[in-house]
Protein chains: 6
Amino acid sequence: MLKPNVETFLACDASYEESRIVLYGAPFDSTTSFRPGARFGPPAIRHESFGLETYSPYQDKDLEDCRIFDSGDMELCFGSSEQALADIEERASVILADGKLPLLLGGEHLVTLGAVRAAARQWPDLHIIHFDAHADLRDDYLGARLSHACVLRRCHDILGDGRIHQFCIRSGEREEFRFAWEHTDMHPFGFGGLEQVVDKLRKQNLPVYVTIDLDCLDPAAFPGTGTPEAGGVWFPALLRAIQLVSQTRVIGADVTELAPMLDASGASTALACKVVRELMLALYPLS
Amino acid sequence: MLKPNVETFLACDASYEESRIVLYGAPFDSTTSFRPGARFGPPAIRHESFGLETYSPYQDKDLEDCRIFDSGDMELCFGSSEQALADIEERASVILADGKLPLLLGGEHLVTLGAVRAAARQWPDLHIIHFDAHADLRDDYLGARLSHACVLRRCHDILGDGRIHQFCIRSGEREEFRFAWEHTDMHPFGFGGLEQVVDKLRKQNLPVYVTIDLDCLDPAAFPGTGTPEAGGVWFPALLRAIQLVSQTRVIGADVTELAPMLDASGASTALACKVVRELMLALYPLS
Amino acid sequence: MLKPNVETFLACDASYEESRIVLYGAPFDSTTSFRPGARFGPPAIRHESFGLETYSPYQDKDLEDCRIFDSGDMELCFGSSEQALADIEERASVILADGKLPLLLGGEHLVTLGAVRAAARQWPDLHIIHFDAHADLRDDYLGARLSHACVLRRCHDILGDGRIHQFCIRSGEREEFRFAWEHTDMHPFGFGGLEQVVDKLRKQNLPVYVTIDLDCLDPAAFPGTGTPEAGGVWFPALLRAIQLVSQTRVIGADVTELAPMLDASGASTALACKVVRELMLALYPLS
Amino acid sequence: MLKPNVETFLACDASYEESRIVLYGAPFDSTTSFRPGARFGPPAIRHESFGLETYSPYQDKDLEDCRIFDSGDMELCFGSSEQALADIEERASVILADGKLPLLLGGEHLVTLGAVRAAARQWPDLHIIHFDAHADLRDDYLGARLSHACVLRRCHDILGDGRIHQFCIRSGEREEFRFAWEHTDMHPFGFGGLEQVVDKLRKQNLPVYVTIDLDCLDPAAFPGTGTPEAGGVWFPALLRAIQLVSQTRVIGADVTELAPMLDASGASTALACKVVRELMLALYPLS
Amino acid sequence: MLKPNVETFLACDASYEESRIVLYGAPFDSTTSFRPGARFGPPAIRHESFGLETYSPYQDKDLEDCRIFDSGDMELCFGSSEQALADIEERASVILADGKLPLLLGGEHLVTLGAVRAAARQWPDLHIIHFDAHADLRDDYLGARLSHACVLRRCHDILGDGRIHQFCIRSGEREEFRFAWEHTDMHPFGFGGLEQVVDKLRKQNLPVYVTIDLDCLDPAAFPGTGTPEAGGVWFPALLRAIQLVSQTRVIGADVTELAPMLDASGASTALACKVVRELMLALYPLS
Amino acid sequence: MLKPNVETFLACDASYEESRIVLYGAPFDSTTSFRPGARFGPPAIRHESFGLETYSPYQDKDLEDCRIFDSGDMELCFGSSEQALADIEERASVILADGKLPLLLGGEHLVTLGAVRAAARQWPDLHIIHFDAHADLRDDYLGARLSHACVLRRCHDILGDGRIHQFCIRSGEREEFRFAWEHTDMHPFGFGGLEQVVDKLRKQNLPVYVTIDLDCLDPAAFPGTGTPEAGGVWFPALLRAIQLVSQTRVIGADVTELAPMLDASGASTALACKVVRELMLALYPLS
């Protein structure tokens with residue numbers, strides 16, 4: 001008898017019970033101010049992952065050896081950020097409560113806030129490692145406090161000073177940079193300082209949420225994003241950074257801001273898939 | 001001495017005071033559920049209008065003979081539909097209060113609600129003539145009552161039964177069609193019945209708001225829109241409909257749902273420009 | 001507990017057992033000689049179907065009221081047409097044996113041959129109704145006898161003279177047209193003669209396989225196909241033809257030759273989705 | 001021994017001596033004011049012609065039965081319209097002097113002037129049949145008198161009143177329409193009046209140059225052109241017009257304004273190829 | 001009362017009188033021999049600049065603190081290079097005469113010649129610093145001496161030997177490289193030698209015109225240009241070069257050869273915007 | 001008298017007899033499993049080569065000084081890999097028998113097998129130098145042993161252990177990497193070890209076939225390929241590798257896997273042209 005058509009990220013076909021990592025997609029981009037399209041990221045990543053191999057020669061690991069579950073995309077309300085964030089928070093909470101690692105596929109960067117709210121409730125001493133071209137530290141954007149441009153500021157509202165470690169940042173208002181110098185641990189332009197941060201977090205065994213805005217990459221490699229910002233990092237550096245970060249106690253993660261229609265060549269989507277694969281392999285088995 | 005760079009729709013370079021028609025753009029698409037991009041419509045229409053002539057051989061009229069002012073695009077808050085609608089309503093109210101005809105360039109179709117709110121306050125006996133592929137009569141869409149898919153339902157909340165005249169409709173839930181049979185004056189698939197509607201409105205000299213969702217056109221002619229729906233009307237039919245409608249007492253109008261990035265050939269944008277030109281020429285001088 | 005991510009065509013979420021129609025995708029285009037890409041048709045149709053409503057105002061029917069199962073896409077061997085056809089034939093045979101109607105989503109037109117082989121084994125008196133821009137009657141194409149350009153000729157090998165009813169044909173070698181005058185029932189350019197054909201088939205209650213090469217449509221409406229051929233039919237005419245054909249005893253059908261990447265606007269994919277919806281609604285419940 | 005790589009339009013592989021029709025390409029678009037790209041038209045038409053069959057079911061004729069030579073594209077000087085026109089005129093003169101029909105592939109519409117200069121020298125009583133969306137009757141355009149927007153005006157300078165028969169025109173300055181009413185034989189919007197014009201020219205056996213600006217077609221069918229203008233004709237109407245025109249004594253012809261990069265689907269290029277095929281078949285053998 | 005729609009590059013909203021830098025656009029590409037489209041560069045840069053922040057973390061400077069005026073795009077005659085250059089020269093002369101720095105947005109590289117003519121008249125000891133993939137030193141190109149491929153050769157005609165300092169050059173005829181070895185100061189492939197050149201020019205306080213053909217960048221980062229040439233420099237290197245150059249007495253500058261339609265992802269346009277922002281911040285206040 | 005339209009790669013206009021290198025194109029991609037389109041590579045490379053100069057400043061050599069013949073593209077049977085490979089083998093054999101170097105333009109990577117079969121018959125001690133992102137060492141792919149994913153495995157069937165030198169490999173099944181460690185000489189990720197390999201081959205004067213799958217390049221530089229794989233090499237490194245390899249006794253070569261439609265910017269095609277130019281200049285005159 002014919003079976004229904006189950007679609008997952010490449011090889012993420014474990015049952016929910018046995019899985020250690022759970023993928024969930026948040027196809028949301030309502031607050032994107034410049035060029036929307038990140039809503040199409042999660043299904044594109046899932047679909048195009050089949051152009052990859054399950055095996056990583058970088059890490060000599062294979063997704064075939066991992067138990068990962070892909071729960072598909074959430075149906076989120078366009079036009080109401082608060083409702084969308086509540087739904088994401090609930091999904092993340094369920095996964096965390098079951099002792100699994102939630103891996104969120106965005107969507108615009110605002111979706112991170114839902115997952116961080118869930119994680120911070122469970123781990124009040126949470127730290128965030130943040131890779132991004134943009135500081136995302138505005139207090140509001142055109143009047144909206146729930147905006148992709150404010151998402152790390154909202155995380156700071158929850159976690160307070162010194163808990164957010166930002167890398168690759170190369171764009172922001174002057175005010176955001178000033179805020180960062182006082183309240184976050186910002187490392188502009190690249191990954192300089194990441195080893196020390198990882199060392200410290202690892203030694204204290206602190207819980208870490210990793211949020212990767214893919215526009216940290218150079219637009220040459222990753223043009224398929226709403227706000228391409230020249231001067232970014234390349235894939236090999238991001239890969240090394242992911243491997244470094246995986247030495248900490250990562251309890252949740254996300255990969256955001258692929259807007260696949262903006263790069264018709266498909267190279268951006270393929271790169272996003274590879275980042276997701278390497279991230280899952282690096283985090284697995286959970287520390 | 002060099003002058004600043006003023007950009008308007010082709011030949012719409014009258015001063016505000018002397019103008020009879022005022023263009024204003026609402027680059028908003030936050031509630032678009034399928035494919036966003038209508039936010040880029042107004043600047044694209046303004047910019048590409050220079051591929052047109054000012055003269056229409058269809059109407060033997062020339063924009064050079066009209067006094068039209070282009071007030072540019074509003075800066076609207078992405079992620080808050082209510083705030084955006086309030087801003088649009090305010091702009092429309094100002095123009096109406098000055099005795100001019102506001103011509104709104106969308107943006108997604110929800111923006112119409114802001115203009116209709118302003119118009120209905122000034123003319124409680126307002127009628128709406130609505131060209132669209134979609135009924136837009138849902139009571140809510142994924143929980144949101146302010147959604148492009150609900151915009152005519154919200155207008156019905158204000159105006160009540162028998163005031164909304166819908167043409168070209170060929171998509172909707174079964175419930176929307178049932179609602180229409182009872183509460184609106186729906187003419188599915190094409191412009192059948194428009195002459196009679198115009199006759200009646202004209203005889204009673206009723207104030208009319210005209211809302212043109214460009215996806216009433218066939219996607220062959222107008223692929224650059226978020227939800228292309230086969231089986232639409234062609235430009236000559238739309239042109240005749242516009243000329244018909246201009247025989248009524250039109251007090252406001254809009255043209256919505258061009259998503260220019262979705263049609264890289266530029267033909268959709270060029271068609272939208274031509275619709276705007278013909279609409280302005282048909283409405284001018286105001287009846 | 002979270003559920004796996006099942007993806008189907010819009011509302012085709014019945015179980016296999018209860019279903020009357022079974023969708024199956026054949027993402028194959030190895031013999032495409034001009035521009036490949038039809039392999040991406042089935043997942044694109046499935047994914048983009050969510051831009052449609054389940055309700056058809058044309059037929060006043062709703063997919064919500066139908067029991068249809070979507071079995072997803074087959075994994076076919078690129079580079080071996082014979083193997084791919086054998087796999088398709090087997091899938092079609094299973095569905096036919098279970099008394100359900102197999103509805104195949106191509107893929108290039110060659111995939112039809114697999115389904116027709118299965119159908120002709122079960123119904124030796126099978127007729128084919130064929131909508132296409134191209135005659136597809138070559139005996140071989142650059143040496144290959146299993147080619148999209150030969151598929152109806154291969155069907156003729158099985159069924160013999162007078163069983164293949166071709167409509168909308170406007171391209172072929174002179175030899176193909178000569179073959180058609182002698183061996184098939186060809187109606188060039190449009191749907192002229194379809195009513196008579198349907199009448200005859202209906203009166204004799206003959207089993208009919210319907211194969212729709214979407215390039216029968218005009219490229220203005222459907223540019224997303226490998227070999228666009230000007231002078232085609234429009235959607236309303238195709239819709240009427242589908243409704244006509246559904247009056248016969250249709251036992252199998254297919255919709256082929258969408259190459260979604262060739263029409264970046266998405267209008268071709270949206271049209272293909274609408275054709276599939278209308279075809280399913282027209283055929284349901286099975287006669 | 002291996003042969004060099006000769007590339008021609010489909011089946012146009014006669015030797016120059018035996019040929020009756022000679023194709024020549026003018027990849028020039030320097031005066032295009034809106035969107036350039038027509039320079040890429042001739043090689044695209046030549047290359048994509050292999051997606052067509054040599055046989056036309058419309059005319060029941062086959063290119064295999066015709067002796068046509070394709071002389072490839074000229075190397076024209078970008079930035080100097082006068083030099084480019086002189087080169088085109090020389091090429092056309094050579095072909096005309098050899099008693100063959102020159103068929104020019106543009107390029108922007110200005111290239112027609114080179115061919116018309118050559119033709120008018122040989123046939124002082126020349127008439128022009130002109131299919132176009134635009135009147136092209138400006139006396140100058142931004143100061144340039146050699147511009148695509150002035151090309152028929154320059155032809156009028158040579159031929160005088162009543163010799164230019166314009167069809168499908170739906171765009172121009174008011175002045176151009178006024179000029180047309182006095183000096184040319186303009187039939188706006190479609191092919192109305194063409195039969196009468198053909199009748200008259202045929203009875204007097206007057207020499208005719210046919211210039212087809214492909215933007216006479218509706219942009220739905222032909223978006224791949226610099227200035228798409230809604231409200232055009234469809235392929236079947238153009239095909240009938242070509243067959244009509246071929247009843248006159250056509251001594252030269254051109255097909256211009258395909259800008260293939262503007263229509264990534266390839267449908268515009270495919271249509272242009274089909275127009276060229278049907279035009280050659282209609283004109284062959286020369287009357 | 002509503003104000004007209006003034007459009008400028010991000011934050012370049014000073015009045016002409018108070019401004020120190022004046023932007024002016026030259027949307028011209030008539031001599032482009034390979035792929036046109038640079039004409040669309042200036043409006044694209046202006047429009048997309050709003051995806052940037054006004055603040056540069058690289059230079060810790062903010063456009064909000066600068067007085068810059070954007071005079072919009074000139075209306076240039078397509079098809080007459082000489083007329084277009086005269087118009088550019090006039091605009092540049094006015095700005096120079098008012099003691100302001102003219103910053104030209106191309107357009108193809110030929111537009112530089114207009115600005116250099118104006119600058120060299122005012123500063124006979126002018127030097128040029130030239131970043132480009134192509135030497136642009138041909139004496140003529142297909143017969144035209146006013147061509148993008150000849151622009152630095154024409155500048156050499158004015159300035160003579162040793163005044164033109166070329167960097168990043170990696171394409172040209174053998175003759176151009178030979179000419180360069182004798183007559184210009186060419187540094188192929190990258191920015192090697194730039195520090196020494198800047199040192200020398202700075203010590204002598206010589207007036208410098210900076211011309212940046214954006215195709216000096218690697219096509220991976222900047223595919224949106226007519227003639228992409230692999231092996232270019234990356235944004236960080238260009239940024240450092242701009243900062244270096246700003247140590248000299250720069251009296252005029254340009255940024256040319258963005259063809260935005262060739263990079264549908266928008267990344268090239270975004271990069272061009274960032275180069276313009278960094279260039280303005282580096283040059284401001286004028287030395 | 002007008003000449004036929006011969007089209008070749010830039011400056012490859014020698015006669016076959018006098019030529020030392022012979023280009024031949026294999027527009028085949030039937031076994032491509034992910035995204036087809038490599039069939040369009042050879043004509044795109046030939047056509048776009050005219051955007052290059054004939055002179056290379058990297059090697060200070062000029063194509064004008066070389067005698068190279070371009071034999072155009074073969075007409076290969078889609079859907080039958082074995083037949084296509086036989087045709088390629090025959091063409092390569094003819095060229096090799098005439099003492100010339102065959103330079104094959106793909107097409108998908110499988111086409112290499114035809115050329116290697118011909119070369120290995122003439123030089124049983126043949127070595128292969130292989131640049132690629134993918135190991136291509138599967139024994140079969142979805143049942144097919146003649147697949148792009150198996151092509152080097154098939155070459156290994158012919159040549160045996162230690163004869164295949166692989167560079168830049170960063171994707172494959174775990175089994176392929178295991179196979180490589182035992183049977184081929186694999187250097188993952190980059191060109192590390194190439195100098196040593198070249199040294200050894202050069203000292204023994206062994207015949208070498210060079211196969212360049214262009215996806216060895218980073219997708220940032222070369223997105224126009226079916227399976228983009230992040231983390232590749234850049235053009236300058238590939239250029240150096242080509243120059244190194246040319247120190248061995250190269251008897252045949254190929255450049256494969258450009259799928260030009262996947263990179264609408266044209267930058268990938270331009271890069272492929274430059275690789276072909278540099279490869280020909282490096283190999284000429286044959287060692």
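Use the structure listed above.
This text gives an overview of the structure that appears in the document. Source: prediction; values computed, not measured.

A few points about the relation of the copies chain F and chain E
Note on the copies: chain F fits chain E at an RMSD of 0.0 Å, the axial shift is 0.0 Å, and the rotation between them is 120°. Overall, the copies show the geometry of a three-fold rotation axis. No C-alpha of chain F lies nearer the rotation axis than that of Ala220 of chain F, which sits 3.0 Å from it. Little of the interface of chain F is mirrored in chain E: 9% of its interface residues are interface residues there too.

Quick look at the environment of Asp263 of chain C
All names here are of chain C. For Asp263, the position within the fold is in the loop between strand 10 (249-256) and helix 8 (267-283). Overall, Asp263 belongs to the buried group, its relative accessible area being 9%. Considering only alpha carbons, one finds Asp263 and Asp132, 131 residues apart in sequence, at a separation of 19 Å. Aside from chain neighbours lying at most four places away, what touches Asp263 is Pro223, Gly224 and Ser268.

Some points on the packing of aromatic side chains
Under the defined criterion, the tally for this structure stands at 48 aromatic pairs over all chains. With 4.9 Å between their ring centres and 10° between their planes, Tyr58 of chain A and Phe189 of chain F make a pair best called stacked. Residue Tyr58 of chain A is found in the loop between strand 2 (55-56) and strand 3 (61-62), and its partner Phe189 of chain F is found in the loop between strand 8 (185-188) and helix 6 (194-203); the two belong to separate chains. What makes Tyr58 of chain A partly exposed here is its relative accessible area of 21%. For Phe189 of chain F, a relative accessible area of 32% translates into the label partly exposed. The structure contains a cluster of three or more aromatic residues connected by ring pairs, namely Tyr55 of chain A together with Phe177 and Trp181 of chain F. If you follow Arg153 of chain A out to its NZ or CZ, it ends over the ring of Phe179 of chain A, 3.9 Å from the centre. The lysine or arginine in question, Lys100 of chain F, covers the ring of Tyr16 of chain F, its NZ or CZ lying 5.1 Å from the ring centre.

Quick word on the interface of chain A and chain C
Listed by partner, the interface residues are 20 residues for chain A and 20 residues for chain C. Of the roughly 1,600 Å² buried at the junction of chain A and chain C (both faces included), carbon and sulfur atoms supply 68%. Contact with chain C buries surface across chain A, with Met1, Leu2 and Asn5 of chain A losing the most and accounting together for 38% of the total. For the pair chain A and chain C, the number of links is 0 salt bridges. The interface formed by chain A and chain C includes 2 residue pairs in polar contact (both at pLDDT 80 or more). Considering every element that reaches the side of chain A that touches chain C, the biggest residue donor is strand 4 (residues 68-73) of chain A, with 5 residues. When its residues are assigned to classes, the side of chain A that touches chain C shows 9 nonpolar, 4 polar and 7 charged.

Some details on the pattern of salt bridges
Here the structure, examined in full by the defined rule, presents 108 salt bridges over all chains. The partner of Arg145 of chain C in a salt bridge is Asp139 of chain C, with the nearest N and O atoms 3.3 Å apart. Taking relative accessible area as the criterion, Asp139 of chain C reaches 32% and is therefore assigned partly exposed. The closest approach of N and O atoms between Arg277 of chain C and Glu278 of chain C, which form a salt bridge, is 2.9 Å. Glu278 of chain C matches Arg277 of chain C in its accessibility class, with the two residues each being buried. Connected through salt bridges with shared partners, the residues Asp139, Arg145, Arg153, Arg154 and Asp157 of chain A form a single ionic network.

Reading the values: the criteria
- Residues numbered from 1 in each chain as written.
- Chains lettered and ligands numbered in written order.
- Predicted model: local features only at pLDDT ≥ 70, side-chain atom pairs only at ≥ 80, totals over all residues.
- Heavy atoms only, no water.
- Least-squares fit on C-alpha atoms with pLDDT ≥ 70 in both.
- Contact = heavy atoms within 4.5 Å.
- Helix = DSSP H or I, 4+ residues; strand = E, 2+ residues; numbered from the N terminus.
- Buried < 20%, exposed > 50% of the residue type's maximum accessible area, 1.4 Å probe, protein only.
- Phe/Tyr/Trp six-rings, centres within 6.5 Å; stacked < 30°, edge-to-face > 60°.
- Lys NZ or Arg CZ within 6 Å of the ring centre and 35° of its normal.
- Buried area = accessible area lost by both parts, 1.4 Å probe.
- Salt bridge = Lys/Arg side-chain N within 4 Å of Asp/Glu carboxyl O.
- Polar contact = N/O pair within 3.5 Å; in protein donor to acceptor, adjacent residues only side chain to side chain.
- Nonpolar A, V, L, I, M, F, W, Y, C, P; charged D, E, K, R; others polar.

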